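Spelled out, the chains give:
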Amino acid sequence: MQVLASASFALIIREIRRAHLYRTDVPPRVVAESLVRSICLAAVFGASVPLSFLPMGSGAYLCWLAAPIVLAVARRIQGRAPSG
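Along each chain, numbering runs from 1 in the same order as the chain's sequence is written. Local features are withheld for residues below a pLDDT of 70 in this predicted model, meaning they are given only at 70 or higher, and side-chain atom pairs are given and counted only at 80 or more; totals for whole chains, interfaces and linings count all residues. Neither water nor hydrogens contribute to the side-chain values; these are computed over all heavy atoms in the structure.

Asks: Just to check I follow, could you spell out the overall build of the chain for this structure?
Replies: Helix numbering and strand numbering both begin at the N terminus, where a helix is a DSSP run of H or I of at least 4 residues and a strand a DSSP run of E of at least 2. When helices and strands are tallied, the chain shows 3 helices and 0 strands. Secondary structure elements in the chain, listed N-terminal to C-terminal, are α-α-α. Radius of gyration here is computed from C-alpha atoms only, and the compact-globule reference equals 2.2 Å multiplied by the residue count raised to the power 0.38. Taken over C-alpha atoms, the radius of gyration comes to 15 Å for the chain, far larger than the 12 Å a tight globule of 84 residues would show. With respect to the principal axes defined by its C-alpha atoms, the chain has extents near 50 × 25 × 15 Å. Just so you have it, the chain exposes about 6,300 Å², and 69% of that area is on carbon and sulfur atoms. Per-residue accessibility takes into account occlusion by the displayed protein chains alone, with areas from the Shrake-Rupley method and a 1.4 Å probe.

Structure, rendered in structure tokens:
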């Protein structure tokens, strides 16, 4: 369920960004960061589900521990991307 919620939120943010439906005082970077965060969380949640069925089941916990790292790496990559 969380994967679908995060993916749906990412699609909503993408549409808001595409159509410029956000307020003029909101920096576009905030919208972009929200999109990246939603995509990363959907990916981590999505990966944790099948990993939870593996023997010992610790793979899902590793995904939860990896979530902040994935978000930090995505922010760093996003910060290096040229704006525009």
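Asks: When you look at the side chain of Ser38 in this model, what are you seeing that I'm missing?
Replies: Looking at the element boundaries, Ser38 is found in helix α2 (residues 28-51). By definition in these notes, contact holds between two residues if any of their heavy atoms fall within 4.5 Å. Residues contacting Ser38, with those up to four places away along its chain left out, are Ser6, Phe9, Ala10 and Ile13.

Asks: Sorry if this is basic, but what is going on with helix α1 (residues 2-18) here?
Replies: Multiplying 1.5 Å by the residue count of a helix minus one yields the expected span of that helix. In this model, α1 (17 residues) spans 24 Å end to end at C-alpha, consistent with the 24 Å of a helix rising 1.5 Å per residue. Partly exposed describes any residue whose relative accessible area lies between the buried limit of under 20% and the exposed limit of over 50%, with all areas from a 1.4 Å probe on protein chains only and scaled to the type maximum. Within the span of α1, buried status applies to Ser6, Ala10 and Ile13. Buried positions in α1, seen along its axis, are confined to an arc of 65 degrees and lie on one side of it. Facing away from the buried surface of α1 by more than 90 degrees, the exposed residues are Leu4, Leu11 and Arg18. Those residues of α1 that are buried lie in contact with α2. Within two residues after α1, His20 carries a phi angle of roughly 55 degrees, on the positive side. The reported arc concerns the directions from the helix axis to the C-beta atoms and nothing else.

Asks: For this particular structure, what's the right way to read empty space enclosed by the protein?
Replies: Left-over empty space is what a probe sized like a water molecule reveals as it rolls over the atoms. Using only the protein atoms, space was sampled on a 1 Å grid; points where a 1.4 Å probe fits but cannot get out form cavities, open sets with protein on both sides within 12 Å along at least five of seven lines form pockets, and lining residues are those with an atom within 4 Å of a point. Grid points are joined across faces, edges and corners, and a volume is the space filled by probe spheres set on the points. Overall, the coordinates contain 1 cavity of 30 Å³ or more when judged by the stated rule. If you go around the largest cavity, the residues you meet are Glu33, Val36, Arg37, Leu71, Ala74, Arg75 and Gln78. Among the elements that take part in the lining of the largest cavity, helix α3 (residues 58-80) stands out by supplying 4 residues, more than any other.

Asks: What is the right way to look at the packing of α2 against α3 in this model?
Replies: With their axes 9 Å apart at the nearest point, α2 and α3 run at an angle of 155 degrees to one another. Considering the angle they form, α2 stands roughly antiparallel to α3. Regarding α2 and α3, the two cross each other, and that crossing is right-handed. Listed contacts from α3 to Arg29, Ala32, Glu33, Val36, Arg37, Cys40, Leu41, Val44, Phe45, Ala47, Ser48 and Leu51 of α2 are Gly59, Ala60, Cys63, Trp64, Ala67, Val70, Leu71, Ala74, Arg75, Gln78 and Gly79. Residues are grouped as follows: nonpolar covers Ala, Val, Leu, Ile, Met, Phe, Trp, Tyr, Cys and Pro; charged covers Asp, Glu, Lys and Arg; every other residue, Gly included, is treated as polar. Of the residues belonging to the contact of α2 with α3, the class tally is 15 nonpolar, 4 polar and 4 charged. Only the stretch in contact is used when a helix axis is fitted, and all axes are lines through C-alpha atoms; the angle between N-to-C directions ranges over 0 to 180 degrees. Roughly parallel here means an angle under 35 degrees, roughly antiparallel means over 145, roughly perpendicular means 65 to 115, and every remaining angle is called oblique. By definition, any crossing whose near helix is turned counterclockwise from its far helix by less than a right angle is left-handed, and any crossing with a clockwise turn is right-handed.

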